[in-house]
Amino acid sequence: MTKIKIFIRRCRLAYWKRRDPLRHARALGVTIGESCRLYNVSFSTEPYLVTLGNHVSASSTHFETHDGGVWVLREENPNLDMIRPIRVGNNVYLGYRSMVMPGVTIGDNVIVGAGAIVTKDIPSNSVAVGVPARVIKSVDEYAVRAIAEGQQTKHLSQVQKRAWYTSRMS
């Protein structure tokens, strides 16, 4: 490919990454289920090894499919790679700036906290947080607290929501 064609392809991908993140990810080879939303996600050099189930939400999440640490072994092993697929189940929320490492499988009905680095598999129906991410509770336990402490304001417009919150939290 000529430098101009490469430049044009990169520009096109950057445009679609902002305009239609799902289309962008699919163009890279990511397998994506139904009803997903991706905000500013990134993929390492093997995006075709990432599979996202149905109803997955990720914001500023990075999916890393290879272990770059083999760099220090390259002089003696010039062709060595450590590459593993990533699988994310159905109904999964990946918090802001979370990172999913090579070979990880995340089950169904999982919440991953903001900033978490997922280095090991996370079982279904779990909430995982931290560096490295670890399971801290079940989704059922999370739901009890969220329902008790949350507000029923999702249906409100931005103007209505602002009025509701400012009147109660000032």
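Placed above this text is the structure.
First, a word on what this report is: a plain description of the structure on this page.

The rules behind the values
- Residues numbered from 1 in each chain as written.
- Predicted model: local features only at pLDDT ≥ 70, side-chain atom pairs only at ≥ 80, totals over all residues.
- Heavy atoms only, no water.
- Phe/Tyr/Trp six-rings, centres within 6.5 Å; stacked < 30°, edge-to-face > 60°.
- Buried < 20%, exposed > 50% of the residue type's maximum accessible area, 1.4 Å probe, protein only.
- Patch = residues over 30% accessible without salt bridge, like charges linked within 9 Å, V, L, I, M, F, W, Y side chains within 5 Å.
- Areas by Shrake-Rupley, 256 points an atom, 1.4 Å probe, with all protein chains shown as cover.
- Salt bridge = Lys/Arg side-chain N within 4 Å of Asp/Glu carboxyl O.
- Helix = DSSP H or I, 4+ residues; strand = E, 2+ residues; numbered from the N terminus.
- Lys, Arg positive; Asp, Glu negative; His and termini not counted.
- Polar contact = N/O pair within 3.5 Å; in protein donor to acceptor, adjacent residues only side chain to side chain.
- Contact = heavy atoms within 4.5 Å.
- Expected span 1.5 Å × (residues − 1).

Going through the model one piece at a time under the given rule, you end up with two aromatic pairs. Consider the rings of Trp164 and Tyr165, whose centres lie 4.9 Å apart with planes at 80 degrees: the pair is edge-to-face. Among the residues examined, Trp164 registers a relative accessible area of 25% and is labelled partly exposed.

What follows concerns a nonpolar patch on the surface. On the surface, a nonpolar cluster with roughly 330 Å² of combined accessible area is contributed by Ile4, Phe7 and Ile8. Here Ile8 is to be found in helix H1 (residues 3-19). We classify Ile8 as partly exposed; its relative accessible area is 40%.

Bringing the side chain of Glu46 into the picture now. On the secondary structure map, Glu46 appears in the loop between strand E3 (42-43) and strand E4 (50-52). Despite its burial, Glu46 pairs with no opposite charge, the nearest such side chain being Arg74 at 8.6 Å. In terms of polar contacts, Glu46 uses its side chain to reach the side chain of Thr65, at 2.5 Å. Among the polar contacts listed, one links the side chain of Glu46 to the side chain of His66, at a separation of 3.2 Å. If we skip the residues at most four places from it in the chain, Glu46 touches Thr65, His66 and Ile83.

Our next topic: the environment of Lys137. Relative to the assigned elements, Lys137 resides in strand E14 (residues 134-138). Classification of Lys137 as partly exposed rests on a relative accessible area of 22%. Taking the C-alpha atoms as reference points, Lys137 and Ile111, separated by 26 residues in sequence, lie 9.9 Å from one another. Not counting the four nearest positions on each side in its chain, Lys137 is found in contact with Asn125, Ser126, Val127, Tyr142 and Arg145.

With 12 residues, helix H4 (residues 158-169) extends 16 Å between its outermost C-alpha atoms, agreeing within 8% with the 16 Å of an ideal straight helix rising 1.5 Å per residue. Here H4 lies mainly on the outside; zero of its 12 residues are buried.

What is shown is where atoms sit, not what they do.
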